[in-house]
Amino acid sequence: PAGSTAVSVDNNTQLGLTIDYKFNKNKTAKLIAATPFSHDIAVKGYAIDGLAIGNTKHLPPTLVAQYHFDVGNSNFDPFIGVGLNYTKFFDESASGALKTTLQALKVTTASDDVDLKLKASWGLALQAGFNYKLSDNWGAHFAVSKMDIDTTGEVRVNNNVIQSVDVQIDPWVYMVGLGYKF
Ligand code: NI
C-alpha cells in the first residue's frame with residue numbers, strides 16, 4: 001500500500017576478528033571482520049506494520065584509522081577512530097508472508113517468482129574504545145562503533161523490480177575481545 005515502504009531491521013551478534021597495525025605510539029590502522037550477520041527485515045508503521053519482508057546475511061568489513069591517547073598509564077590505552085565500511089549482502093530471501101500478501105493484493109500469482117535483493121553499501125564508521133594490557137602479549141579490548149550502512153532493498157517479481165525501499169541499518173556495534181600482540 002502507498003506509504004508503507006519504511007522498514008526495520010533486527011539486531012544480531014557474531015564473532016568478530018580485528019587486526020591492528022601500529023604505525024607509532026599514537027596511530028593504528030584497524031581492520032574489523034566478522035562471521036556473517038543475519039537480519040530479519042520487516043515493514044515499520046502503516047497498515048501492514050510488522051509484516052516480514054524477508055531476511056538477509058551480510059559481511060561488513062571496516063578499515064579504521066585510530067588515534068591512541070597517552071594517558072600516562074601503560075596498561076590503559078584509549079582510542080578514537082574514523083573509517084570506511086563496505087557491506088556486502090547475500091542469501092537474501094523474501095518471506096512467505098510477503099509472498100502471501102502480494103498474492104492477496106493481486107500483485108502476483110502463485111506461479112510468480114518473488115525475490116529480495118539488497119545492494120552493497122559504502123559508509124562511514126566512527127569508533128571509540130580502549131585496550132587494557134593484561135600481560136606482555138595479552139590484552140582486553142572494548143570498542144563501540146557507529147556504522148553508516150545505507151542500502152536499497154528491491155522486491156523483484158520474475159526479476160523485475162516492483163518496489164525499491166531505502167534500508168538504513170546504521171548499527172551501533174559493540175565489541176568485547178581478547179587481544180594478542182605479536
Ligand atoms: Ni545512514
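Everything below is about the structure printed above this text.
A quick note: this is a predicted structure, and the numbers were derived from the prediction, not measured.

Rules and cut-offs
Residues numbered from 1 in each chain as written. Predicted model: local features only at pLDDT ≥ 70, side-chain atom pairs only at ≥ 80, totals over all residues. Heavy atoms only, no water. Donors = N, O, S within 2.8 Å, 3.2 Å for Na, K, Ca; no water. Helix = DSSP H or I, 4+ residues; strand = E, 2+ residues; numbered from the N terminus. Buried < 20%, exposed > 50% of the residue type's maximum accessible area, 1.4 Å probe, protein only. Contact = heavy atoms within 4.5 Å. Phe/Tyr/Trp six-rings, centres within 6.5 Å; stacked < 30°, edge-to-face > 60°. Core = buried A, V, L, I, M, F, W, Y, C linked by side-chain atoms within 4.5 Å.

1. Digging into the coordination of the nickel ion
Surrounding the nickel ion are the protein donor atoms Asp-148 (OD), Asp-150 (OD), Asp-150 (OD), Gln-168 (OE1), Asp-170 (OD) and Asp-170 (OD), at 2.0 to 2.8 Å. For the nickel ion, the single-chain donor residues occur in sequence as D-x1-D-x17-Q-x1-D. Here Asp-148 is found in the loop between strand S10 (138-147) and strand S11 (150-157), whereas its partner Gln-168 is found in strand S12 (residues 160-168), with 20 residues between them in sequence. For Asp-148, a relative accessible area of 30% translates into the label partly exposed.

2. Overview of the environment of Ile-19
Its place among the elements puts Ile-19 in strand S2 (residues 16-22). Classification of Ile-19 by relative accessible area gives exposed; the value is 53%. For the pair formed by Ile-19 and Ile-32, sequence separation is 13 residues and the distance between their alpha carbons is 6.8 Å. When sequence neighbours within four positions are dropped, the list of residues in contact with Ile-19 reads Ala-29, Lys-30 and Leu-31.

3. Quick notes on the environment of Leu-84
Turning to its location among the elements, Leu-84 is positioned in strand S7 (residues 76-94). The spacing of Leu-84 and Leu-116 is 32 residues in sequence and 26 Å in space, taken between C-alpha atoms. Beyond its immediate sequence surroundings of up to four residues, Leu-84 is in contact with Pro-61, Thr-62, Leu-63, Trp-122 and Gly-123.

4. Some remarks on the packing of aromatic side chains
Scanning the model with the defined rule gives 7 aromatic pairs in all. For the pair Phe-76 and Phe-130, a centre-to-centre distance of 5.2 Å together with 50 degrees between the ring planes defines the contact as tilted. Linking Phe-76 in strand S7 with Phe-130 in strand S9 (residues 121-133), this pair joins segments that are 54 residues apart in sequence. Given the relative accessible area of 31%, Phe-76 is considered partly exposed. Through a chain of ring-to-ring contacts, three or more aromatic side chains come together here, namely Phe-76, Phe-130 and Phe-142.

5. Re the nonpolar core
With 23 residues, the main nonpolar core has Val-7, Ile-41, Ile-53, Leu-98, Val-114, Leu-116 and Val-155 as its most contacted residues. Per element, the largest residue contribution to this core is 3 residues, and it comes from strand S8 (residues 114-118). Residue contacts for Leu-98: discarding those within four places in its chain leaves Leu-51, Ala-52, Ile-53, Val-114 and Val-155.

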